[in-house]
Amino acid sequence: RLMYRVLVVLVWLFPMYGIYGQYGKPSGKDSLLFHTLMFSMDYTTNSNILSNINTKIKQPSLSPGVAFLSKWGADLLISGSIIGNSDDSLANSSLELDIMLGYSLKLHKNLTLYPSYTHFLYSKNANFFNSVFHSDLRLDLDYNYRFIGLGITSGYLMGKQQTFYA
């Protein structure tokens, strides 16, 4: 019942649409012409988090998100998940909130570097869904030419454990 009420309120507050405003001149063919603000909302009837799913208890989830993409290349993304019946007692909801900052650097006409940092926050009762990582420092390098795109990603996950990925 609580999840249904939260869903109704959040769908009313955060409809799925983008708000666009146009400013200035673009600096290149693929540059953003304007700042972009996007809202999103996802709902699932039974969650599958990190391949963990409880088949006896339904665990619906609601995932709102907002993203601001600036024409200058700076990005701010905030997303969350409210997962029903996911605490230790399997009776209450737990929460996750992710905050990401990134910046797009055009190194060459077809080459873009995108460093970003994401911080993960969990509610105190999210023991089962709580990750061993609390931060992600990531670097993306993309090459785009006509219809061909190539990319390399590497990053470092930090928290109770640390790991490098590429």
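Residues numbered from 1 in each chain as written. Predicted model: local features only at pLDDT ≥ 70, side-chain atom pairs only at ≥ 80, totals over all residues. Heavy atoms only, no water.

(A) The arrangement of the side chain of Asp136 in detail. Its place among the elements puts Asp136 in strand 8 (residues 133-145). Despite being buried, Asp136 has no salt bridge partner; Arg138 is the closest side chain of opposite charge, sitting 4.9 Å away. For Asp136, the side chain forms a polar contact with the side chain of Tyr165, separated by 2.8 Å. Among all residues touching Asp136, those that are not within four sequence positions of it are Ser116, Tyr117, Thr118, Phe120, Tyr156, Leu157 and Tyr165. (Helix = DSSP H or I, 4+ residues; strand = E, 2+ residues; numbered from the N terminus. Buried < 20%, exposed > 50% of the residue type's maximum accessible area, 1.4 Å probe, protein only. Lys, Arg positive; Asp, Glu negative; His and termini not counted. Salt bridge = Lys/Arg side-chain N within 4 Å of Asp/Glu carboxyl O. Polar contact = N/O pair within 3.5 Å; in protein donor to acceptor, adjacent residues only side chain to side chain. Contact = heavy atoms within 4.5 Å.)

(B) Structural context of the environment of Ser81. Examined against the element boundaries, Ser81 turns out to sit in strand 4 (residues 74-83). Here Ser81 falls in the buried class, since its relative accessible area comes to 18%. Apart from the residues lying within four places of it in its own chain, the contact partners of Ser81 are Leu62, Ser63, Ser94, Leu95 and Glu96. A distance of 3.1 Å separates polar atoms of two side chains, one belonging to Ser81 and the other to Ser63.

(C) Main features of the pattern of salt bridges. In total, this model carries one salt bridge according to the counting rule given. Here Arg138 makes a salt bridge to Asp140, at a shortest N to O gap of 3.2 Å. Residue classification places Arg138 among the partly exposed positions, given a relative accessible area of 33%. Take Asp140: its relative accessible area is 9%, and that puts it in the buried class.

(D) Region of interest: the pairing of strand 7 (residues 111-122). With seven bridges connecting them, strand 5 (residues 94-103) and strand 7 associate as antiparallel partners. Bridge assignment links Ile99 to a residue of strand 7, and that residue is His119. Of the strand pairs in this sheet, strand 6 (residues 105-108) and strand 7 are connected by three bridges, and their pairing is antiparallel. Within strand 7, the residue paired with Lys106 across the bridge is Thr112. Here strand 6 folds back onto strand 7 in antiparallel fashion, the turn holding two residues. Relative to strand 8, strand 7 runs antiparallel, the two being bridged by nine bridges. Bridge pairing links Thr112 to Asp142 in strand 8. (Pairing = 2+ DSSP bridges.)

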